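Architecture and fold: a report
Below, each chain spelled out in residue letters.
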Amino acid sequence: MTLAAAAQLEKTPLETYVPPAKPSLIGLSRAELAERLGHIGVAPAQRKMRAQQLWNWMYLRGARDFSEMTNVSKEMRAQLGEHFTVDRPEVVAEQISNDGTRKWLLRLPSGDDVQKAHEVECVYIPETDRGTLCVSSQVGCTLNCSFCHTGTQRLVRNLTAGEIIGQVMVARDRLNDWVDRETPNGNRLVTNIVMMGMGEPLYNFEAVRDALLIVTDNEGIGISRRRVTLSTSGVVPNIIRTGEEIGVMLAISLHAVRDELRDELVPLNRKYPLKELLQACRDYPGASNARRITFEYVMLKGVNDSLDDARRLVQLLKGIPAKINLIPFNPWPGSAYECSDWDQIEKFSEYIFNAGYSSPVRTPRGRDILAACGQLKSETEKLSVRERDALRAMAMTD
Ligand code: SAH
Ligand code: SF4
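Residues numbered from 1 in each chain as written. Chains lettered and ligands numbered in written order. Predicted model: local features only at pLDDT ≥ 70, side-chain atom pairs only at ≥ 80, totals over all residues. Heavy atoms only, no water.

Naming follows an unreviewed UniProt entry, where the protein chain appears as Dual-specificity RNA methyltransferase RlmN of Rhodopseudomonas pseudopalustris. As recorded by UniProt, the Sequence similarities (unreviewed entry) comment attached to the protein chain reads in full: "Belongs to the radical SAM superfamily. RlmN family." The UniProt entry for the protein chain carries this comment under Subcellular location (unreviewed entry): "Cytoplasm". (UniProt positions renumbered as here; feature names shortened; annotations may be inferred.)

To continue, consider the site of ligand 2. Every residue close to ligand 2 is listed here: Cys141, Leu143, Cys145, Cys148, Gly151, Gly199, Glu200 and Ser233. Partitioning the shell around ligand 2 into residue classes produces four nonpolar, three polar and one charged. (Near = heavy atom within 4 Å. Nonpolar A, V, L, I, M, F, W, Y, C, P; charged D, E, K, R; others polar.)

This part is about the pattern of salt bridges. Enumeration according to the criterion identifies 21 salt bridges in this entry. A salt bridge links Arg30 to Asp217, with the nearest nitrogen and oxygen atoms 2.9 Å apart. With Arg30 in helix H2 (residues 30–39) and Asp217 in the loop between helix H6 (205–216) and strand S8 (228–232), the pair connects residues that are 187 residues apart, well separated along the chain. On the basis of relative accessibility, which here comes to 16%, the residue Asp217 falls in the buried class. Lys103 is the salt-bridge partner of Glu121, the closest N and O atoms lying 3.3 Å from each other. Taken as a pair, Glu121 in strand S3 (residues 117–126) and Lys103 in strand S2 (residues 102–109) lie far apart in primary sequence, 18 residues in all. Taking the relative accessible area as the measure of exposure, Glu121 reaches 7% and is therefore buried. A residue is classified by how much of its surface remains accessible, and Lys103, at 6% relative accessible area, is buried. Through salt bridges with shared partners, a single network forms among Glu206, Arg209, Asp210, Arg241 and Glu245. (Salt bridge = Lys/Arg side-chain N within 4 Å of Asp/Glu carboxyl O. Helix = DSSP H or I, 4+ residues; strand = E, 2+ residues; numbered from the N terminus. Buried < 20%, exposed > 50% of the residue type's maximum accessible area, 1.4 Å probe, protein only.)

Below, the structure is given as structure tokens:
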């Protein structure tokens, strides 16, 4: 399918969605692959070797069909094809921003009602020295940060490991970015992964972990742990686990330096207030001056952007190997905030810089296709205040 054709794809009504008849092997670990091979009668002595072959074809070379797997016997390929696929999530639409950012809308089967589908978005941001893929972890989000578009969407469900790694595979497919395929300059295009799409990754810990272990596996997608960043709004108990079990770079959505304001902007703060959050950062395994924790700070006009806030921010982060990422607020239809004036962002940034922190301002990318931070949302309906409160209460008690 050409890019132009994909860009014109229309969403078909969700009711007509037909779920795949055979399960995909995408997302399985080596051990799980071996187990599935056992289910279809592969002899125990062969399972490990066959699983490794599948692993290479799927995650290193991006095979889209068993017929591509030329070092696997014909009979075995036929047998695999009878029971399984290596399908990724279906691409429903592709949008290309005038700055080169691409957004894919992916369709996934719904967990409980097989006739309905769910949708999720994933964004590729090309820069001169890297290409970053922003990956989603949930359909919607249980949390309701007041400045975030995704937060207005009902949580529908957690993504599976296959649907998370599937986003990376779709990007490599669409960009022709697999190991033995041609790319324009011979380098990989997707060089960095950020778990900053829809959803709170640490409320879907196991699936995110399993997917990122495939992303960072040398014989898999092969992206170094240092080039993978997981962003959390502050699910404290799973922060340490992220360091211990995944070992990727950590980003914290801080956005406010006092509990009172953070309670409002990031309601999860009522459950895990600043003090506990910052202690978890101090304890984060592997953090060092060479591997700093990123603190994300969205610039909201007249809300959190005073020089007093900047001062307090520097105080709070004392003793933590940190860098600060200022994010100009990206507006979305119906949002209650405005982005700080550029002047003020510069003053804020300068204060932090003078205090010794690197403080890049994140250039908004893909705003024209609603692909920038916090703009992702796959369903259009907005929740009523009562529904939001109910969701919030749910999130606070689990
Ligand atoms: N749920 C995770 C990861 C997804 S959000 C988290 O909250 O960290 C990725 C980043 O975009 C977070 O720092 C989030 O706070 C920020 N963000 C959300 N809405 C935004 C908006 N409208 N403008 C700018 N940044 C936003
Ligand atoms: Fe969820 Fe993150 Fe958006 Fe908050 S900022 S609502 S945690 S996606």
